Amino acid sequence: KKASTLSRSSGINAEYGGSTRVIAGIKGKFAEPTINNPNSGFLVPNIILPMTCNTKYKPGFPSDNGVAMSNKLETLLTDVTDLMELCLVPGKVAWALYLDVVCINDDGNVLDAAVLALSAALNNTWLPATQIIEETGRVVLDPEGERKRLELNFIPISVTLSVFDDKTLPDPTEDEENIQDGSVTCCLDDQNNIRALWTSANISDDVISAALVYVKKRASVLLSVLKKVSKTS
């Protein structure tokens, strides 16, 4: 490992949308804080959808679908941890944590799989100790120091349902996504609080309310899966 990096990856062996598979990895680098937030570090989520995971994706620029999901991750994870805890030297050096999700196979419902994998990776991330070289003022990793667990304010869980007329179908496959009338995606935390809610414009309040009942039950099951992953990591 380089003197200014850390890495942590976590894969979730769970079926989503039929046979969707993703793997999440977290890599940290030293970065200079922004002028507006000199005492804070960074979280940079990104979903990568290579052409090998589905023939609908083409090489070159990121797909619109990937950009949209990355933006949703950024919204969801804005306050998942205290960014001030990532600052090492105010105004000079802070941790920038790159939260990358690579889709191995896209058969629908990639966002839910991505959130689950990232939650597992974040929940098992440790920041290495650092030290300042007095002669140069440079910050480097301290192999003899005690590492610190990344403290999370909450653990996010995402649950998506396809909507057909006034009926909902959880965990849609790609084929189901292609013919759905709309969708509901709700992100809860481990305290059952709603952290984000994304719906199609044509979805009624009654359908959303019914979907939320299922979402809370499903989120409880997924949280139990995460706890098992954490124990074995």
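Owing to the predicted nature of the structure, the values given are computational and were not obtained by experimental measurement.

Cut-offs used in this document
- Residues numbered from 1 in each chain as written.
- Predicted model: local features only at pLDDT ≥ 70, side-chain atom pairs only at ≥ 80, totals over all residues.
- Heavy atoms only, no water.
- Pairing = 2+ DSSP bridges.
- Helix = DSSP H or I, 4+ residues; strand = E, 2+ residues; numbered from the N terminus.
- 1 Å grid on protein atoms, 1.4 Å probe; cavity = no way out; pocket = protein on both sides within 12 Å on 5 of 7 lines; lining within 4 Å.
- Points joined across faces, edges and corners; volume = space filled by probe spheres on them.
- Nonpolar A, V, L, I, M, F, W, Y, C, P; charged D, E, K, R; others polar.
- Buried < 20%, exposed > 50% of the residue type's maximum accessible area, 1.4 Å probe, protein only.
- Expected span 1.5 Å × (residues − 1).
- Contact = heavy atoms within 4.5 Å.
- Core = buried A, V, L, I, M, F, W, Y, C linked by side-chain atoms within 4.5 Å.
- Phe/Tyr/Trp six-rings, centres within 6.5 Å; stacked < 30°, edge-to-face > 60°.
- Lys NZ or Arg CZ within 6 Å of the ring centre and 35° of its normal.

Moving on: the pairing of strand β5 (residues 93–105). Pairing analysis gives eleven bridges linking strand β2 (residues 21–31) to β5, with the strands arranged antiparallel. Directly across from alanine 31, in β5, lies its bridge partner alanine 94. Relative to β5, strand β3 (residues 42–48) runs parallel, the two being bridged by seven bridges. Looking at β5, one finds that valine 44 is bridged to tyrosine 98. Linking strand β4 (residues 87–89) to β5, which pair antiparallel, is a turn of three residues; within it glycine 91 sits at a positive phi near 75 degrees.

Here the focus is the layout of surface pockets. The volume enclosed by the largest pocket comes to roughly 350 Å³. Forming the boundary of the largest pocket are 20 residues, of which Asn65, Met69, Lys72, Leu111 and Glu177 lie nearest the centre. When residues of the lining of the largest pocket are traced back to their parent elements, those giving at least two are α1 (64–76), α2 (110–122), β12 (182–188) and β13 (194–199). Here the element with the most residues in the lining of the largest pocket is α1; it accounts for four residues. Looking at the lining of the largest pocket residue by residue, the class counts come to seven nonpolar, nine polar and four charged.

Turning next to unusual backbone geometry. For residues other than glycine, phi is negative in most cases, and the peptide bonds are mostly trans. One non-glycine residue, aspartate 165, adopts positive backbone phi at about 55 degrees. For aspartate 165, the location among the structural elements is in the loop between β10 (157–164) and β11 (167–170). Classification of aspartate 165 by relative accessible area gives exposed; the value is 66%. Phi at asparagine 192 is positive, roughly 70 degrees, even though this residue is not glycine. In this fold, asparagine 192 is placed in the loop between β12 and β13. Given a relative accessible area of 40%, asparagine 192 falls into the partly exposed group.

Once that is clear, we can look at α1. Here α1 is 13 residues long and its end C-alpha atoms lie 18 Å apart, about the 18 Å a rise of 1.5 Å per residue gives. Among the structural elements, β3, α2, β12 and β13 are those in contact with the buried residues of α1.

A few words on the nonpolar core. Ranked by size, the top nonpolar core spans 34 residues in total, and within it Ile47, Leu49, Leu97 and Leu99 carry the most contacts. Every element with two or more residues in this core is listed here: β2, β3, α1, β5 and α2. For this core, the leading source of residues is α2, giving nine residues. Core analysis: the second largest hydrophobic core is formed by 21 residues, Ala120, Ile155, Ile157 and Leu222 among them.

Under the counting rule described, the total for this entry stands at one aromatic pair. Measuring from centroid to centroid gives 4.7 Å for phenylalanine 30 and tryptophan 95, while their planes differ by 55 degrees, and the two rings are tilted. With phenylalanine 30 in strand β2 and tryptophan 95 in strand β5, the pair connects residues that are 65 residues apart, well separated along the chain. The lysine or arginine in question, arginine 147, covers the ring of tryptophan 126, its NZ or CZ lying 4.4 Å from the ring centre. One cation-aromatic arrangement involves arginine 195 over phenylalanine 154; the distance from NZ or CZ to the ring centre is 3.8 Å.

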